[in-house]
Amino acid sequence: MDTGKITSWMDQAQPILVAFGLKALGAIAVFVVGRWLIGLATRLIGAAMTRQQLDSTVQRYLVSFITVALNIILVVAILGYFGVETTSFAALVAGAGVAIGAAWSGLLGNFAAGIFLLVLRPYQVGEYVMIGGIEGTVMELGLFGTTLTTPDNVKTIVGNGKIMGNDIKNYSANSYRRVELVAQLAGSADAHQAIALLKEAVSKVENTHKTPAVDVEILEFNEFGPKLAVRPYCHTKDYWQVYFDTNKTIADTLGAAGFPVATRPIRIYPV
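Residues numbered from 1 in each chain as written. Predicted model: local features only at pLDDT ≥ 70, side-chain atom pairs only at ≥ 80, totals over all residues. Heavy atoms only, no water.

Asker: Break down the overall build of the protein for me, citing the residues and quoting the values.
Answerer: A tally of regular secondary structure across the protein gives seven helices and 10 strands. Looking at the protein as shown, the accessible area adds up to about 17300 Å², and 64% of this sits on carbon and sulfur atoms. (Helix = DSSP H or I, 4+ residues; strand = E, 2+ residues; numbered from the N terminus. Areas by Shrake-Rupley, 256 points an atom, 1.4 Å probe, with all protein chains shown as cover.)

Asker: Hey, could you go over the pattern of salt bridges for me, with residue numbers and the actual values?
Answerer: If you walk through the whole model with that rule in mind, you get six salt bridges. Between Lys227 and Glu220 there is a salt bridge, with the nearest N and O atoms lying 3.4 Å from each other. Residues joined by salt bridges that share partners form a network here, namely Arg178, Glu180 and Arg231. (Salt bridge = Lys/Arg side-chain N within 4 Å of Asp/Glu carboxyl O.)

Asker: Mind laying out the pairing of strand β1 (residues 128–131), listing which residues take part and the relevant values?
Answerer: Where β1 meets strand β2 (residues 134–141), four bridges bridge the pair, whose relative direction is antiparallel. If you follow Val129 over to β2, its bridge partner there is Gly136. Two elements, β1 and strand β5 (residues 168–170), share three bridges in a ladder whose sense is antiparallel. Paired with Val129 across the two strands is Asn170, which belongs to β5. (Pairing = 2+ DSSP bridges.)

Asker: Summarise the nonpolar core; cite the residues concerned and give the values.
Answerer: Ala183, Leu185, Leu198, Val216, Leu228, Val230 and Leu254 are the most contacted members of the largest nonpolar core, which has 20 residues in total. Every element with two or more residues in this core is listed here: β7 (181–184), α6 (191–202), β9 (226–231) and α7 (239–256). The biggest single contributor to this core is α6, with five residues. Setting aside anything within four residues of it in sequence, one finds Leu228 in contact with Leu181, Val182, Ala183, Leu185, Ala194, Ile195, Leu198, Val216, Glu217, Ile218 and Leu219. Counting 12 residues, the second-largest nonpolar core is a separate cluster that includes Leu118, Leu141, Leu143 and Val158. (Core = buried A, V, L, I, M, F, W, Y, C linked by side-chain atoms within 4.5 Å. Buried < 20%, exposed > 50% of the residue type's maximum accessible area, 1.4 Å probe, protein only. Contact = heavy atoms within 4.5 Å.)

Asker: Could you give an account of the packing of α6 against α7, with specific residues and numbers?
Answerer: Orientation of α6 relative to α7, taken along the N-to-C sense of each, is 135°, at an axis distance of 10 Å. When the interaxial angle is binned, α6 and α7 end up oblique. Considering how the two elements wind past one another, α6 and α7 form a crossing that is right-handed. Taking contact as the criterion, the partners of Ala194, Leu197, Leu198, Ala201 and Val202 in α6 are, on α7, Thr246, Thr249, Ile250, Thr253 and Leu254. Looking at the contact of α6 with α7 residue by residue, the class counts come to seven nonpolar, three polar and no charged. (Axes fitted to C-alpha atoms, helices over the stretch in contact; angles between N-to-C directions. Parallel < 35°, antiparallel > 145°, perpendicular 65-115°, else oblique. Left-handed = near helix turned anticlockwise from the far one by under 90°. Nonpolar A, V, L, I, M, F, W, Y, C, P; charged D, E, K, R; others polar.)

Asker: Hey, could you go over α7 for me, with residue numbers and the actual values?
Answerer: Taking 1.5 Å as the rise per residue, α7 with 18 residues should run 26 Å; its terminal C-alpha atoms sit 25 Å apart, in good agreement. Taken together, the buried residues of α7 touch β6 (177–178), β7, α6, β9 and β10 (233–234). Following α7 by one or two positions, Gly258 adopts a phi angle in the positive range, close to 80°. (Expected span 1.5 Å × (residues − 1).)

Asker: I'd like a description of the side chain of Arg177, backed by residues and values.
Answerer: Turning to its location among the elements, Arg177 is positioned in strand β6. Although Arg177 is buried, it forms no salt bridge, and the closest oppositely charged side chain is Glu135 at an N-O distance of 4.8 Å. In contact with Arg177, not counting residues within four places along its chain, are Tyr128, Tyr171, Pro232, Tyr233, Cys234, Thr236 and Tyr239. (Lys, Arg positive; Asp, Glu negative; His and termini not counted.)

Asker: Which residues make up the sheet that holds strand β4 (residues 155–159), and what values do they have?
Answerer: On the basis of which strands lie adjacent, the open sheet formed by five strands has the order β4-β3-β2-β1-β5 and antiparallel pairing. At either margin of the open sheet sits one strand with a lone partner, and together these are β4 and β5. Each strand of the sheet is rotated relative to its neighbour by a mean of 45°, with strand direction disregarded.

Asker: Mind laying out the packing of aromatic side chains, listing which residues take part and the relevant values?
Answerer: One pass over the full model with this rule turns up seven aromatic pairs. Ring geometry for Tyr128 versus Tyr171: centroids 5.7 Å apart, planes at 45°, classification tilted. Residue Tyr128 is located in strand β1, and its partner Tyr171 is located in the loop between β5 and β6; the two are separated by 43 residues in the primary sequence. No difference in accessibility class separates Tyr128 from Tyr171, as the two residues are buried. Geometrically, the ring pair formed by Tyr239 and Trp240 is edge-to-face, given 5.0 Å between the ring centres and 90° between the ring planes. (Phe/Tyr/Trp six-rings, centres within 6.5 Å; stacked < 30°, edge-to-face > 60°.)

Asker: Can you explain a nonpolar patch on the surface? Please cite residues and give values.
Answerer: A contiguous nonpolar patch, built from Leu25, Ile28, Phe31 and Val32 and spanning about 400 Å² of accessible area, is present on the exposed surface. Assignment of secondary structure puts Phe31 in helix α1 (residues 3–51). (Patch = residues over 30% accessible without salt bridge, like charges linked within 9 Å, V, L, I, M, F, W, Y side chains within 5 Å.)

Asker: Outline the sheet that holds strand β8 (residues 215–221), listing residues and values.
Answerer: Pairing in this open sheet of three strands is antiparallel, and the strands run β7-β9-β8 from one edge to the other. Only two strands of the sheet have a single neighbouring strand rather than two, namely β7 and β8. Averaged over all pairs of adjacent strands, the angle between their axes in this sheet comes to 30°, without regard to strand direction. In terms of strand pairing, β7 meets β9 through four bridges, oriented antiparallel. Each bridged residue has a counterpart across the sheet, and for Ala183 the counterpart in β9 is Leu228. The strands touched by α6 within the sheet are β7, β8 and β9, with β8 carrying the most contacts at an inclination of about 145°. In the packing of α7 onto the sheet, the strands contacted are β7 and β9, and the crossing angle to β7 comes to about 15°.

Purely spatial values, then, with no claim about function.
Laid out in structure tokens, this is it:
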């Protein structure tokens, strides 16, 4: 073995190894300091958003996004420090982003809609709404979907994209809502008497608002006779109690007053 050649190679490699070692130590130092600065920056940003009373879900999302973005920038900077061509790396990241976006278009659509819902706040947790054709109480407003508990106590998650693409009904936004009911009278019944009796009786139903007062009016005429619209007003939390109690009150009031049962008229034609 030619020891002279080995010694010559070692002499030639020594500056390269020293330079690489110094670069590696510098890269480690940059990584450690960079990570510390990223942590400091995200903490400051989180504290600023907290002072602005920004929604906690939005805060977590923004902090996570900023953390990932800054870490990618740090890694690219370290690779550039070692002489790695970063333009191709950036193109690879962009290409991966496009591919992921195409594959997860529906999920990303829900995500984008979730951001708008968190900013616009058409409804909040605890409110009773109809979103995406589903009615229930909002339990959680997430970045990808909204969780409801329906009146039959079923946990339902509605995609935010579907919510933003349809009408949103917030039944809790106003101080009261109207209960829609009808009372069918027979053709021979005194509609004016029925209206007076029902207005007085329904206004006494528990949790019915006095202002606005109960509406009882003739809605239409059909083959049975006049049909009355009976519309009490109440708070959303009392809706179903007022709904069922008003139906009972209609039946009891008209029955006690001796109103005839509405029946379909029968006509007999001679042969």
